Amino acid sequence: MRSFLRPAAGLSCLFALATTGCSAGSGGTSDAAAAAPEKSSSASPSQSAAFSTHTSYAPYVSATEASENDAAGSPTTYNLAFVISDGSGCTPEWNGAHAIGDTTVKSRISALTASGASVRVSFGGASGKELAAVCDSVPELAEAYGAALDAAGSTQADFDIEGDELTDSASVALRSQAIAVLQKERPDLEVSFTLPVMPSGLDADGLALLESANMYDVQVSTVNLMTMNYGESYTGDMGGYAIASATAAHTQLKKIFGTSDAAAWKGMALTSMIGVNDVDNETFTLADAAQVRTFAEGKGIAWVSMWSTFRDQQCADGTSTDDPLTNCSGVEQSSGAFAEAFSE
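Residues numbered from 1 in each chain as written. Predicted model: local features only at pLDDT ≥ 70, side-chain atom pairs only at ≥ 80, totals over all residues. Heavy atoms only, no water.

Novice: Outline the state of the cysteines, supporting the account with residue identities and numerical values.
Specialist: Following the criterion strictly, the structure yields 2 disulfides and no others. Linked covalently through their sulfurs, Cys 90 and Cys 135 form a disulfide whose S-S length is 1.8 Å. Between Cys 90 and Cys 135, the S-S torsion sits near 85 degrees, and that sign places the bridge as right-handed. One end of the pair, Cys 90, is in the loop between strand 3 (77-85) and strand 4 (92-94); the other, Cys 135, is in the loop between strand 6 (118-124) and helix 3 (138-152), with 45 residues separating them in the sequence. The burial state of Cys 90 is the same as that of Cys 135; both residues are buried. By sequence-ordered numbering of the bonded cysteines, the chain has its disulfides arranged as 1-2, 3-4. (Disulfide = S-S within 2.5 Å. Helix = DSSP H or I, 4+ residues; strand = E, 2+ residues; numbered from the N terminus. Buried < 20%, exposed > 50% of the residue type's maximum accessible area, 1.4 Å probe, protein only.)

Novice: I'd like a rundown of the pairing of strand 6, residues and numbers included.
Specialist: Summarising burial for strand 6: 6 of the 7 residues are buried, a large majority. In the sheet, strand 3 pairs with strand 6 via 5 bridges, with the strands oriented parallel. What sits directly across from Val 83, in strand 6, is Phe 123. Taken together, strand 6, helix 3 and strand 7 (residues 156-160) constitute a β-α-β crossover, and its handedness is right-handed. (Pairing = 2+ DSSP bridges. Right-handed = clockwise from strand over helix to strand, strands pointing away.)

Novice: Could you give me a rundown of helix 3, with the residues and numbers involved?
Specialist: Helix length check: helix 3 (15 residues) gives 21 Å between terminal C-alpha atoms against 21 Å at 1.5 Å per residue, within 8%. For helix 3, the complete set of buried residues consists of Val 138, Leu 141, Ala 142, Ala 144, Tyr 145, Gly 146, Ala 148, Leu 149, Ala 151 and Ala 152. The inward-facing, buried residues of helix 3 contact strand 3, strand 4, helix 2 (103-113), strand 6, strand 7 and helix 5 (169-185). Residue Ser 137 occupies the N-cap position of helix 3, its side-chain oxygen lying 3.2 Å from the main-chain nitrogen of Glu 140. Of the residues trailing helix 3, Gly 153 is marked for its positive phi of about 65 degrees. (Expected span 1.5 Å × (residues − 1). Contact = heavy atoms within 4.5 Å. Polar contact = N/O pair within 3.5 Å; in protein donor to acceptor, adjacent residues only side chain to side chain.)

Novice: Any chance you could break down unusual backbone geometry for me, citing the residues and the numbers?
Specialist: Note the cis peptide between Ala 81 and Phe 82, where omega equals -20 degrees. You can see Phe 82 is positioned in strand 3. The linkage connecting Trp 307 with the following residue, Ser 308, adopts the cis geometry, with an omega of -5 degrees. Assignment of secondary structure puts Ser 308 in the loop between strand 13 (303-307) and helix 10 (337-343). Although it is not a glycine, Asn 229 adopts a positive phi angle of roughly 50 degrees.

Novice: So, the packing of helix 3 against helix 5: which residues are in play, and what are the values?
Specialist: Contact pair helix 3 / helix 5: the axes reach a minimum separation of 8 Å and the direction vectors enclose 60 degrees. The orientation of helix 3 relative to helix 5 falls into the category oblique. Remark: the crossing between helix 3 and helix 5 carries right-handed chirality. Judged by residue contacts, Val 138, Leu 141, Ala 142, Tyr 145, Gly 146 and Leu 149 of helix 3 engage Leu 174, Arg 175, Gln 177, Ala 178, Ile 179, Val 181 and Leu 182 from helix 5. Looking at the contact of helix 3 with helix 5 residue by residue, the classes come out as 10 nonpolar, 2 polar and 1 charged. (Axes fitted to C-alpha atoms, helices over the stretch in contact; angles between N-to-C directions. Parallel < 35°, antiparallel > 145°, perpendicular 65-115°, else oblique. Left-handed = near helix turned anticlockwise from the far one by under 90°. Nonpolar A, V, L, I, M, F, W, Y, C, P; charged D, E, K, R; others polar.)

Structure representation (structure tokens):
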């Protein structure tokens with residue numbers, strides 16, 4: 001996803017999702033690992049009954065600048081975008097421009113959590129350098145991630161990996177190892193991976209990243225699919241493409257993690273780019289948002305999200321400051337309308 005930078009050992013488990021079939025590499029204590037082929041991946045009735053059927057709403061927000069639409073839809077969690085390298089080394093900064101302990105960010109987080117919502121720190125994004133691409137060692141990278149989480153007071157980490165970082169096998173492996181170390185130090189740390197997807201599912205690089213996480217015993221809570229920017233050949237219904245992408249990825253997640261149908265759905269999140277997308281012929285409408293919300297609720301998907309609260313408003317006609325890819329949606333809407341559609 002675009003950033004808020006102005007142009008300016010064995011297979012692991014989907015933890016906290018199901019108790020079926022932990023992997024050979026895990027100690028048998030994780031909740032839903034990739035089982036050996038001969039093991040059944042179906043959850044028992046009691047396990048299936050334990051899944052929450054409610055799909056949360058968790059939008060992406062700027063970690064440094066408030067939007068009047070942040071609270072629309074009453075989010076349960078805010079994804080704080082983004083922590084990346086300071087540009088010269090393994091020092092984490094918000095959008096590569098604000099220190100991790102910046103008082104503005106601290107005040108921002110306090111305001112976001114005043115209603116009882118939690119915050120999830122999102123590392124990466126489409127701009128700048130993700131820390132795994134510049135840090136030299138596993139301990140150094142784990143320390144950088146931990147510093148950002150501590151500064152935000154968060155036990156939730158999202159890794160938005162795309163572009164060059166997704167294809168860089170060395171940084172993928174380093175990141176997996178660092179997250180595994182961090183989870184040993186912080187047993188309550190929930191980890192999600194945010195990955196690009198197509199109507200045919202996750203691509204080879206996304207699957208390789210998840211397999212790397214498995215290899216190093218990372219406990220993955222959620223795989224968040226970026227249902228957006230499919231390419232010029234996709235000119236149809238964006239809500240339909242989101243559902244097709246989720247359905248294809250569901251089959252892949254079942255195979256990778258060896259989970260039941262229900263666990264694979266519960267281990268998924270969906271993030272749409274509202275309004276006009278980076279690809280000219282793609283526009284995600286309010287009707288698409290309602291369609292995705294209904295689908296997600298029906299399948300028991302963990303959460304739905306959008307890029308971003310800043311864009312959840314109509315562009316002001318005739319102004320040179322409104323950019324439909326940065327601070328407005330580019331479609332007719334009332335402010336906060338996408339948030340309401342995703343949360344209903």
